[in-house]
Amino acid sequence: QVQLVESGGGLVQAGDSLRLSCGASGRTFRGWHMGWFRQAPGKEREFVAFIMWSGGTTYYADSVKGRFTISRDNAKNTVDLQMNSLKPEDTAVYYCAATLRVAYKSPEQYAYWGQGTQVTVSS
């Protein structure tokens with residue numbers, strides 16, 4: 001029903017910014033809540049940010065609060081993650097995902113996932 005494709009990752013230096021974008025196919029995007037997760041080598045998938053279907057409610061992991069901003073454009077079927085003041089510990093593969101549920105921190109609640117985009121932050 002929903003296909004997600006992330007883009008915008010790359011290699012940057014600490015303190016730099018990146019904007020990740022996730023494009024969705026299909027006509028059901030507006031009704032889905034969207035989340036961003038990340039996974040570093042040897043670690044479990046970690047919640048990063050969440051935005052509800054209307055865009056009116058957002059949640060962030062404490063580790064990124066104040067530095068990252070999630071947004072969506074339902075007319076364009078996209079959800080973005082603006083990442084500022086990047087740190088080496090932000091290095092991971094970043095995934096966008098779609099859910100109809102409100103348990104936004106739990107990866108198992110998300111029905112659709114993108115392929116991931118690599119973000120590497122050098123010191």
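Residues numbered from 1 in each chain as written. Predicted model: local features only at pLDDT ≥ 70, side-chain atom pairs only at ≥ 80, totals over all residues. Heavy atoms only, no water.

## Considering unusual backbone geometry
For step 1, the next point in the chain: Even without a glycine there, the phi angle at Asn-77 is positive, about 60°.
For step 2, the next point in the chain: On the secondary structure map, Asn-77 appears in the loop between β7 (68-73) and β8 (78-83).
For step 3, the next point in the chain: One non-glycine residue, Ser-85, adopts positive backbone phi at about 50°.
For step 4, the next point in the chain: Counting through the fold element by element, Ser-85 comes out in the loop between β8 and β9 (92-99). (Helix = DSSP H or I, 4+ residues; strand = E, 2+ residues; numbered from the N terminus.)

## Describing the sheet that holds β8
For step 1, the next point in the chain: Taken in spatial order, the four strands line up as β1-β3-β8-β7 in an open sheet, and their pairing is antiparallel. With partners counted over all chains shown, the strands left at the sheet margins are β1 (3-7) and β7, one partner each. Going across the sheet, the axis of each strand differs from the next one's by a mean of 15°, ignoring polarity.
For step 2, the next point in the chain: As paired elements, β1 and strand β3 (residues 18-25) share five bridges and run antiparallel to each other. Within β3, the position partnered with Ser-7 by the bridge is Ser-21. (Pairing = 2+ DSSP bridges. Axes fitted to C-alpha atoms, helices over the stretch in contact; angles between N-to-C directions.)

## What to know about the environment of Ala-92
For step 1, the next point in the chain: Note on placement: Ala-92 falls in strand β9.
For step 2, the next point in the chain: Taking the relative accessible area as the measure of exposure, Ala-92 reaches 3% and is therefore buried.
For step 3, the next point in the chain: Sequence spacing of Ala-92 and Asp-80 is 12 residues, and the spatial spacing of their C-alpha atoms is 17 Å.
For step 4, the next point in the chain: Look past the residues within four positions of Ala-92 in its chain and what remains in contact with it is Arg-38, Gln-39, Ala-40, Thr-117, Gln-118 and Val-119. (Buried < 20%, exposed > 50% of the residue type's maximum accessible area, 1.4 Å probe, protein only. Contact = heavy atoms within 4.5 Å.)

## Considering the nonpolar core
Within soluble globular proteins, side chains that are nonpolar tend to cluster in buried spots.
For step 1, the next point in the chain: Judged by nonpolar contacts, the single largest core of 36 residues is most densely connected at Trp-36, Leu-81, Met-83 and Tyr-94.
For step 2, the next point in the chain: At the level of secondary structure, the elements contributing two or more residues to this core comprise β3, β4 (33-39), β5 (46-51), β7, β8, β9 and β11 (117-122).
For step 3, the next point in the chain: Contact partners of Met-83, with chain neighbours within four places excluded, come to Asp-16, Ser-17, Leu-18, Leu-20, Arg-67, Phe-68, Tyr-94 and Val-119. (Core = buried A, V, L, I, M, F, W, Y, C linked by side-chain atoms within 4.5 Å.)

## Considerations on the packing of aromatic side chains
For step 1, the next point in the chain: Per the counting criterion, the structure on display carries 10 aromatic pairs.
For step 2, the next point in the chain: For the ring pair Phe-47 and Tyr-104, a centre distance of 5.3 Å and an interplane angle of 55° mean the geometry is tilted. You can see Phe-47 sitting in strand β5 and its partner Tyr-104 sitting in the loop between β9 and β10 (112-113), a full 57 residues away along the chain.
For step 3, the next point in the chain: On the basis of relative accessible area, Tyr-104 is assigned to the buried category, the value being 19%.
For step 4, the next point in the chain: Both rings, one in Tyr-95 and one in Trp-113, keep their centres 6.4 Å apart while their planes meet at 80°; by these two values the pair is edge-to-face. Placement of the pair is Tyr-95 in strand β9 and Trp-113 in strand β10, with a sequence separation of 18 residues.
For step 5, the next point in the chain: Through successive ring pairs, a cluster of aromatic residues spans Phe-37, Phe-47, Phe-50, Tyr-59, Tyr-95, Tyr-104, Tyr-110 and Trp-113.
For step 6, the next point in the chain: Positioned above the aromatic ring of Trp-113 is the side chain of Arg-45, whose terminal nitrogen or guanidinium carbon lies 4.3 Å from the ring centre. (Phe/Tyr/Trp six-rings, centres within 6.5 Å; stacked < 30°, edge-to-face > 60°. Lys NZ or Arg CZ within 6 Å of the ring centre and 35° of its normal.)

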